[in-house]
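# What the coordinates show
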Amino acid sequence: MSTLLEVENLKTWFGEGENAIRAVDGIDFKISQGETFVLLGESGCGKSITALSIMRLLPPAAKIKSGSVKLNGKNLFELPEYAMRDVRGGKIAMIFQEPQTSLNPVLTAGQQIGETLQCHKGLKGRAQRDRTIELLNAVGIPEAERRIDEYPHQFSGGMKQRIMIAIALAGEPELLIADEPTTALDVTIQAQILQLLEKLQQETGMAILFITHDLGVTSGIADHVAVMYAGKIVEINSRDAFFAAPQHEYSRHLFSALPSREKRNREMAESGKENKHLSDSPLLTVNDLKVHYPIRKGLFKKVVGYVRAVDGVTIEIRKGQTVAIVGESGSGKTTMGKGILQLIRPTDGGVLFDGRELTQITGEELRRKRSDIQIVFQDPYSSMNPRMMIADIVEEGMLAQGIGKNRGERMQRVDKLLEQVGLKPEHKYRYPHEFSGGQRQRICIARALAVEPKLIVCDEPTSALDVSVQSQILELLKELQERLGLAYLFITHNISVVEYIAHYVAVMYDGKIVEQGNVDEVLYQPRHPYTQKLLSAVPRIKTAGRR
Amino acid sequence: MNNQLSFPAIVIFIWCVIALCATFLPLHPEVIILEKILMPPEWQAWLGYDDLGRLIADRMIMGARTSLLVAFCVVFVSLLVGTMVGILAAWFGGWWDNITVFVIDIFIAFPGILLAIALAGLLGPGITNAVIALSIVGWVGFARLARAQTLTVKHREHVDAARALGTGISRIAFRHLLPLISAPLIIEATFAIAGTVIAEASLSFLGLGVQPPEASWGSMIRDGTRYMLVAPHMVLAPGIAVFLVVLSINLLGDRLRDKMDVRLG
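Summarised in this report is the structure supplied together with it. (Residues numbered from 1 in each chain as written. Chains lettered and ligands numbered in written order. Predicted model: local features only at pLDDT ≥ 70, side-chain atom pairs only at ≥ 80, totals over all residues. Heavy atoms only, no water.)

## Some remarks on the sheet that holds strand β11 (residues 282–297) of chain A
Residue and element names in this part refer to chain A. Put simply, the rule reads: Note on pairing: DSSP must find at least two bridges between two strands before they are called paired. The helix count covers DSSP runs of H or I at least four residues long, the strand count covers runs of E at least two residues long, and both are numbered beginning at the N terminus.
Read from one edge to the other, the open sheet built from four strands follows the order β12-β11-β14-β15, with strand pairing classed as antiparallel. Whereas interior strands pair on both sides, the edge strands pair on one side only; in this sheet they are β12 (302–318) and β15 (356–357). With two bridges connecting them, strand β14 (residues 348–353) and β15 associate as antiparallel partners. When the sheet's bridge partners are listed, Leu 352 is paired in β15 with Glu 357.

## Looking at the pattern of salt bridges
Residue and element names in this part refer to chain A. Keep this limit in mind: For salt bridges, the criterion is a side-chain nitrogen of Lys or Arg within 4 Å of an Asp or Glu carboxyl oxygen. Think of it in three bands: with a 1.4 Å probe and only protein chains considered, a residue is buried below 20% of the maximum accessible area for its type, exposed above 50%, and partly exposed in between.
Evaluation of the coordinates by the stated rule reveals 37 salt bridges over all chains. Between Arg 129 and Asp 149 there is a salt bridge, with its nearest N and O atoms 3.1 Å apart. Linking Arg 129 in helix α5 (residues 125–138) with Asp 149 in the loop between α6 (144–147) and α7 (157–170), this pair joins segments that are 20 residues apart in sequence. Taking the relative accessible area as the measure of exposure, Arg 129 reaches 28% and is therefore partly exposed. Residue classification places Asp 149 among the partly exposed residues on the basis of a relative accessible area of 43%.

## Considering the sheet that holds strand β4 (residues 62–71) of chain A
Residues and elements named next belong to chain A. Put simply, the rule reads: The contact criterion used is simple: two residues touch if any of their non-hydrogen atoms lie within 4.5 Å. Every angle, taken between N-to-C directions, lies between 0 and 180 degrees, and every axis is a line fitted to C-alpha atoms, over only the stretch in contact when it is a helix.
Spatially, β2-β1-β4-β5 is the arrangement adopted by the four strands of the open sheet, whose pairing is antiparallel. The outermost strands of the open sheet, each flanked by one partner alone, are β2 (21–32) and β5 (74–75). Note that β4 and β5 share two bridges and pair antiparallel. Bridging from a neighbouring strand, Leu 71 pairs with Lys 74 of β5. Along the sheet, helix α1 (residues 47–55) contacts β1 (3–14), β2 and β4; its crossing angle with β1, the most-contacted strand, is approximately 115°.

## Re the interface of chain B and chain A
The line we're drawing: Buried area is understood as the total, over both parts, of accessible area removed when two parts are fitted together, assessed with a 1.4 Å probe. Polar contact is the term for a pair of N or O atoms within 3.5 Å; when the atoms are in protein, one must be able to donate a hydrogen and the other to accept it, and sequence-neighboring residues count only if both atoms are side-chain atoms. Put simply, Ala, Val, Leu, Ile, Met, Phe, Trp, Tyr, Cys and Pro go in the nonpolar bin, Asp, Glu, Lys and Arg in the charged bin, and everything else, Gly too, in the polar bin.
Taken residue by residue, the interface counts 19 residues in chain B and 27 residues in chain A. Taking both partners together, chain B and chain A bury about 2,100 Å²; carbon and sulfur atoms supply 54% of that area. Where Lys338(A) meets Asp160(B), a salt bridge forms, and the shortest distance between an N and an O atom there is 3.1 Å. Where chain B touches chain A, the interface holds twelve residue pairs in polar contact (both at pLDDT 80 or more). Listing elements by their share of the side of chain B that touches chain A, those giving two or more residues are α6 (157–164) and α7 (169–205) of chain B. Per-element tally for the side of chain B that touches chain A: the top contributor is α6(B), with seven residues. Split into classes, the residues belonging to the side of chain B that touches chain A amount to seven nonpolar, six polar and six charged.

## Focus on unusual backbone geometry
All names here are of chain A. A positive phi angle, close to 65°, is found at Gln 342, a residue other than glycine. Among the structural elements, Gln 342 can be located in the loop between α13 (333–341) and β14. In this structure, Asp 510 takes a positive phi of about 55° despite not being glycine. By the secondary structure assignment, Asp 510 is in the loop between β19 (504–509) and β20 (512–518). Residue classification places Asp 510 among the exposed positions, given a relative accessible area of 55%.

Just distances and angles here, no functional claims.
Structural data, given as structure tokens:
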């Protein structure tokens, strides 16, 4: 196959001179016609800037310092801006990570696809509409004739991404750049979108430059893989060779950071002990928990119905145990966590903690009891007050619970807590924005530990983090569990994290738990059809040869 | 941003200094010199004399004191009460919030200055009553702003985390809500100062504020209107003063907004 796109010594920098940030620092790669080329790397490594450099759509602060991008032998960097407009959308199309914001909310799906058809194909009127419906059918939107006139908010996230793909296909491009197109989507939707891309590629023969951080996705779709790290490509290889034996140290590091059952078993074998804290009596018993939100309509805010966010959940957690709640977005996982913590008062049902019914107590008694259950949130950026120093953030719980006699005593404890989560005591006089995502998550864990909880609700604590950082946080949580006998309610959508950390797992769908049991039972012999569907959608690293 | 002294900053600085020093200056705002009635500016009296032959310059300075006193008292009380009401309404929600919003809506639907005039009339004229009347009208804006801001901040995860730690409402309000909603409130306060200077002048103009013989810019303008064609300096001096102070506060408020309105991540 002949070369379609050739990138040579591309350097894209932010700023000038000594202090320039070298986002892309001299990369070379070639994409052949009709192949899928995966650019793999963690956040901030320069993947997206590479894509934007190819399209010449860089933000004003970024400058292409050197190099060339040749499409069919023609250097794109030498084209005048008006000629570039024909390339964008016509020769190279692009889809983005966040389908929620990539579509114009005030134009219908049909208008947005039609725009591209008019620009690049000169189609108007009837012909344009026919072709749009054809495209919507091609990307698998049911009832295309009706939905063509609907607005983006009437489509789900996965449907929006399909429309984005339809827009990209409208110009019949030779190359499709897909910048993390499935990262914002649930696994089952992700699997559908990946299948769709593969099918469309076979039909149209276009090449795909696929940008991702996910090894599982890579293994499913790639022909060639390039691993990017700190603005450089450290390894380029065919998929089979890459997954059989990654050459570069960083690539191997990515593999070893992946959580999995094998890794957990290995660690268990190494330490030789499992869960000395695990007891038989339940620490927390959630009984038929319901959280319903009223839907109010009309002038007098009459209640016309309820959103059943959590609809009858029953689950038990023992001391020292990790129970994972798995489910897709909107299944009610987070609401359930907050319902247990009494941050949202449940509509019905019971939360029995350590022999005390939490839904019945209020005021001062509830405030005292709160020290027993803590929470760690998904987004380490919004879960800390930007105006407070780390010392004050960690101290807050101690003040609320009356731990420590004076400031000096509390500060000593802050030092100890920071060391416990792998930070240094001198970090305490800094502000949250001075820390990386992983470090912030450590601070959040220290804040929770400050009040000596028995149970921590972890609400997707690693979803916003890179794989290598994720593995560090998971290890920290495991170590703390072993040392302090903590129980975790671990809310996640990531199956491999569940395999690594959980003892017991409950699968949640539409506010209900559809299946629960030991990890091995549920994940390897799933009984409920939804669990089966969820598990089969998870992209896994396949051994060479099979696809 | 430039830290150079700008025109509005100088105007406000002079206003504040003059107002604060008014008590200590050798002024004679109430000394009547009959032969100088309505005389235009001259060497010893650079703003001229009023209809009773009093020094307009001295009366202007006393007026500055009145306007500053009223403006800061009113804004301070309004800010305090309004912020508290707003935060509590947003925090507790439910029927408490509904009642607050209802009251705020009623206050806003009724023209503020008209209500203040009615109240000042009811309470009787005088500077204390003017402050009370303007505060009763003034807290509404702050309450509405504080409520809206609190609603957006309330659902942030660090607030949830603080609640989960068992932190009480007062500590959450002072450490998690106030620091994050203070910027718009401070900006609103600067504009409220400008508004109050005008409101005080209006009340005094109608005779409901400061009582003679004490001086206020509003009452000076009222006295001046009767002699506008004979002695325009009587209206011009306090008029320009009000204009300059209000303009400067608004300009500074705008600048403050540009500086402080950086969205924190």
